Amino acid sequence: MSKEERKENIISTALKLFAEKGFYVTTIPDIAAKVGMSVGNFYNYFSSKDILAKELILYISEYLGKHIREINEGPGSAKDKISAIVTFYFTMATERPEMIEYFLRIYLSNREVFGESCEGMVCVSPFITEMMIFFDDGVAGGELRDQDFFSAFGLFMGYLGGMVFLFGEKILPEPLSSYEASIAENIYRALKTV
Amino acid sequence: MRSRLFKPTLIWLQGVTCNGNTHSFLNLPYLPQLLARFEVLYHPLLPCSQSLEEIARCRRGCDVLVFEGAFDPMMERAGVTLERLVAYYAEEAGHVIAAGSCASFGGIFKAAAPERNSGLAYAGEHPDGPLLGKAGKVINLSGCPVHPEWLGFALMNIAEGRPISVDALGRPTALYRHMAHDGCLRNEYFEWKVDAEQFGRKEGCLFYEHGCRGPLTHASCNRTLWNGVSSKMRVGTPCFGCTEPDFPRRNLFETKTNMSIPEEVPVGVSKRAYLTMTGIAKSFKIKRLEERLTDDD
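What counts and how
Residues numbered from 1 in each chain as written. Chains lettered and ligands numbered in written order. Predicted model: local features only at pLDDT ≥ 70, side-chain atom pairs only at ≥ 80, totals over all residues. Heavy atoms only, no water. Helix = DSSP H or I, 4+ residues; strand = E, 2+ residues; numbered from the N terminus. Rg over C-alpha atoms; globule rule 2.2 N^0.38 Å. Buried < 20%, exposed > 50% of the residue type's maximum accessible area, 1.4 Å probe, protein only. Contact = heavy atoms within 4.5 Å. Areas by Shrake-Rupley, 256 points an atom, 1.4 Å probe, with all protein chains shown as cover. Lys, Arg positive; Asp, Glu negative; His and termini not counted. Charge placed at Lys NZ, Arg CZ, Asp CG, Glu CD. Salt bridge = Lys/Arg side-chain N within 4 Å of Asp/Glu carboxyl O. 1 Å grid on protein atoms, 1.4 Å probe; cavity = no way out; pocket = protein on both sides within 12 Å on 5 of 7 lines; lining within 4 Å. Points joined across faces, edges and corners; volume = space filled by probe spheres on them. Nonpolar A, V, L, I, M, F, W, Y, C, P; charged D, E, K, R; others polar. Expected span 1.5 Å × (residues − 1). Arc of directions from axis to C-beta. Pairing = 2+ DSSP bridges. Buried area = accessible area lost by both parts, 1.4 Å probe. Polar contact = N/O pair within 3.5 Å; in protein donor to acceptor, adjacent residues only side chain to side chain. Phe/Tyr/Trp six-rings, centres within 6.5 Å; stacked < 30°, edge-to-face > 60°. Lys NZ or Arg CZ within 6 Å of the ring centre and 35° of its normal. Axes fitted to C-alpha atoms, helices over the stretch in contact; angles between N-to-C directions. UniProt positions renumbered as here; feature names shortened; annotations may be inferred.

### A look at the overall build of chain B
And step 1. Scanning chain B from N- to C-terminus turns up 11 helices and nine strands.
And step 2. For 297 residues, the compact-globule formula gives about 19 Å, and the C-alpha radius of gyration of chain B, at 21 Å, lands near that figure.
And step 3. C-alpha atoms of chain B, sized along the principal axes, occupy 70 × 40 × 35 Å.
And step 4. When each of the 297 residues of chain B is scored for burial, the buried share is 52%.
And step 5. In chain B, the proportion of contacts linking residues at least 24 apart, taken out of those at least 6 apart, comes to 69%.
And step 6. Accessible area of chain B: about 13900 Å², with a carbon and sulfur share of 53%.
And step 7. Charge centroids of chain B, computed over 34 positive and 33 negative side chains, lie 3 Å from each other.

Written as structure tokens, this is what we have:
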């Protein structure tokens, strides 16, 4: 296994452990044991839990950014792209729930862990940038209404985050995928030009 | 280098114009010395050896033709159409200078009557003027008005027999390779995304909300100051992008945004890279840049 693969392995293991046990309860020895390496060796990859925490949010942000960029650069209207983003987000929440969990439950609720080097958009910029490109293209193309960025962003991501939260709490009667079409339609109606 | 005894002949013709470029030229500090290097056959305001009527007879060519204003083929000077006058003198001249944005790209008069008016070699950014075939000898000195020092630079180089390299739109690279943003005293505010909030103040950047075109405009206004002292941005007014072929634009005091995201970003930077960079820069709150430079209002 190459160093990069090992690093990737630590990241996915840590994400799963954080989702299962919680951020503060999970220790570096727990993670090292689960990936099958010594604690000493673990520190060759991440020198502290806080640094690992920042790397994880960057990893998730880059993962989200990469996929939304593919949607942005692909063909289709803003309406089609809203559907594609919703589908991608819900698929990710179903198949890799630990990534969204980490974003919603750890990154957004434990700001003290991320400190100054992660303030504002610094650690989530790959993802936010793609959402900006999506909105900018949609307005420039005349399909979406010009409005404040955060009003639009909050509506879009807040809605998705809320649904994933309900799903995680096992409150939703149906699987996430069955809501994709109606949610995409709601978002589109809220954002489109009159 | 040419002998100082040789004096190129110069004719300054006007198309559809407000006289702004002539007035700008009158502010050139070394105007007398510059004019002494030429034999001025005709200029509408400056001392010259011939009248407009004599020039309109088209009997003797000139070495340098300076044209001010938009080109309207049907417009007449002393009973002769501009079409004929420009064709005749441009044929003879070794250099043609389009002085100002109207002569270069059509400017405000092309915006008002696009079916009639254009620049000498360009209509906007399209090579579509009467001197298109002679574009190689047309030097576009765009600007509304042309900076007197830029005109002085071009004429002095011609008097000295030095070649002038130009960009794809015929503008001298020495004057137009940089952006108006270069030398702007507000660059630190630009870097950290601190908006000016008000016109006329020393603090803040005018790019984010007030329509400044500095990072999108090829010009050296902040390198060679107007009257040696100032520029629009220095006094707290946005750059209007007057040297670009799309001038004049609408809503000069507003930055066009889509969902608060600037529609246009600095020349040469991809929007994705720009948004990544600015998003991060915006995260920093630099107290020093949020404060007034002086306590008095």
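More follows now that the structure is in view.
### Focus: the pattern of salt bridges
And step 1. Inspection of every chain in the model, using the stated rule, returns 22 salt bridges over all chains.
And step 2. With its nearest N and O atoms 3.1 Å apart, the salt bridge here joins Glu169 of chain A to Arg105 of chain A. Placement of Glu169 of chain A in the loop between α9 (149-168) and α10 (180-191) and of Arg105 of chain A in helix α6 (residues 97-107) is noted, with a sequence separation of 64 residues between them.
And step 3. You can call Glu169 of chain A partly exposed: its relative accessible area is 37%.
And step 4. Each of Arg69, Glu73 and Glu130 of chain A together with Arg272 of chain B takes part in salt bridges that share partners, so that together they form one network.

### Re empty space enclosed by the protein
And step 1. The full count for this structure, using the stated rule, is one cavity of 30 Å³ or more.
And step 2. If you add up the space inside the largest cavity, you get close to 70 Å³.
And step 3. The residue makeup of the lining of the largest cavity, split by class, is eight nonpolar, two polar and one charged.

### Quick word on α10 of chain A
Residue and element names in this part refer to chain A.
And step 1. Between the first and last C-alpha of α10 there are 16 Å, a value that for 12 residues agrees with the 16 Å anticipated at 1.5 Å per step.
And step 2. Burial in α10 covers these residues: Glu180, Ile183, Ala184, Ile187, Tyr188 and Leu191. Taken around the axis of α10, the buried residues stretch over an arc of 135°, which confines them to a single face. Of the exposed residues in α10, those oriented more than 90 degrees away from the buried face are Ala181 and Arg189.
And step 3. Elements that come into contact with the buried residues of α10 comprise α5 (78-95), α8 (125-140) and α9.

### With respect to the layout of surface pockets
Residue and element names in this part refer to chain B.
And step 1. Of the volumes computed, that of the largest pocket is approximately 510 Å³.
And step 2. Along the walls of the largest pocket sit 21 residues, with Tyr208, Ser260, Ile261, Pro262 and Lys282 positioned nearest its centre.
And step 3. No other element matches the five residues that helix α10 (residues 271-282) contributes to the lining of the largest pocket.
And step 4. Considered class by class, the residues forming the lining of the largest pocket number 10 nonpolar, six polar and five charged.

### Topic: the pairing of strand β7 (residues 138-141) of chain B
Residues and elements named next belong to chain B.
And step 1. Burial along β7 is two-sided: Val138 and Asn140 facing one way and Ile139 and Leu141 facing the other are all buried.
And step 2. Here strand β6 (residues 95-99) runs beside β7; their pairing, made up of four bridges, is parallel. Counted as the bridge partner of Ala99 is Leu141 from β7.

### Some words on the interface of chain B and chain A
And step 1. Taken residue by residue, the interface counts 15 residues in chain B and 23 residues in chain A.
And step 2. Of the roughly 1600 Å² buried where chain B meets chain A, counting both sides, 61% is carbon and sulfur surface.
And step 3. Area buried by chain B at its contact with chain A is led by Met259, Arg272 and Ser283 of chain B, which between them contribute 47% of it.
And step 4. Counting across the chain B and chain A interface gives three salt bridges.
And step 5. Here Arg272 of chain B makes a salt bridge to Glu130 of chain A, at a shortest N to O gap of 2.5 Å.
And step 6. Counting across the interface, chain B meets chain A through eight residue pairs in polar contact (both at pLDDT 80 or more).
And step 7. At the level of secondary structure, the elements contributing two or more residues to the side of chain B that touches chain A comprise β8 (257-258), β9 (261-262) and α10 of chain B.
And step 8. The greatest single-element share of the side of chain B that touches chain A, amounting to six residues, is contributed by α10 of chain B.
And step 9. Residue composition of the side of chain B that touches chain A, grouped by class: six nonpolar, six polar and three charged.

### A short note on the packing of aromatic side chains
Both the distance between ring centres and the angle between the ring planes are used here to describe each pair of aromatic rings.
All names here are of chain A.
And step 1. Tallied over the entire structure, the rule returns 26 aromatic pairs over all chains.
And step 2. For the pair Phe23 and Tyr24, a centre-to-centre distance of 5.4 Å together with 80° between the ring planes defines the contact as edge-to-face.
And step 3. Since its relative accessible area comes to 6%, Phe23 is described here as buried.
And step 4. For Tyr24, a relative accessible area of 52% translates into the label exposed.
And step 5. One residue, Lys49, lies across the ring of Phe23, its end atom 4.7 Å from the ring centre.

### Details of the sheet that holds strand β1 (residues 9-14) of chain B
Residues and elements named next belong to chain B.
And step 1. Taken together, five strands build an open sheet; the order of strands is β2-β1-β3-β6-β7 and the sheet is parallel. Here the strands that pair on one side only, and so sit at the sheet edges, are β2 (39-42) and β7. Between one strand axis and the next, the sheet turns by 25° as a mean value, whatever way the strands run.
And step 2. Direction of pairing for strand β3 (residues 64-68) relative to β6: parallel, over a ladder of five bridges. By the bridge assignment for β6, Glu68 is matched with Ala99.
And step 3. On the sheet, helix α7 (residues 148-160) packs against β1, β3, β6 and β7 and is oriented at approximately 175° with respect to β6.

### Considering the UniProt feature "DNA-binding region" (unreviewed entry) in chain A
And step 1. The UniProt record marks residues 27-46 of chain A with the feature "DNA-binding region" (unreviewed entry), using the residue numbering of this structure.
And step 2. Annotated as 75% helix and 0% strand, the span residues 27-46 of chain A places its first and last C-alpha atoms 13 Å apart.

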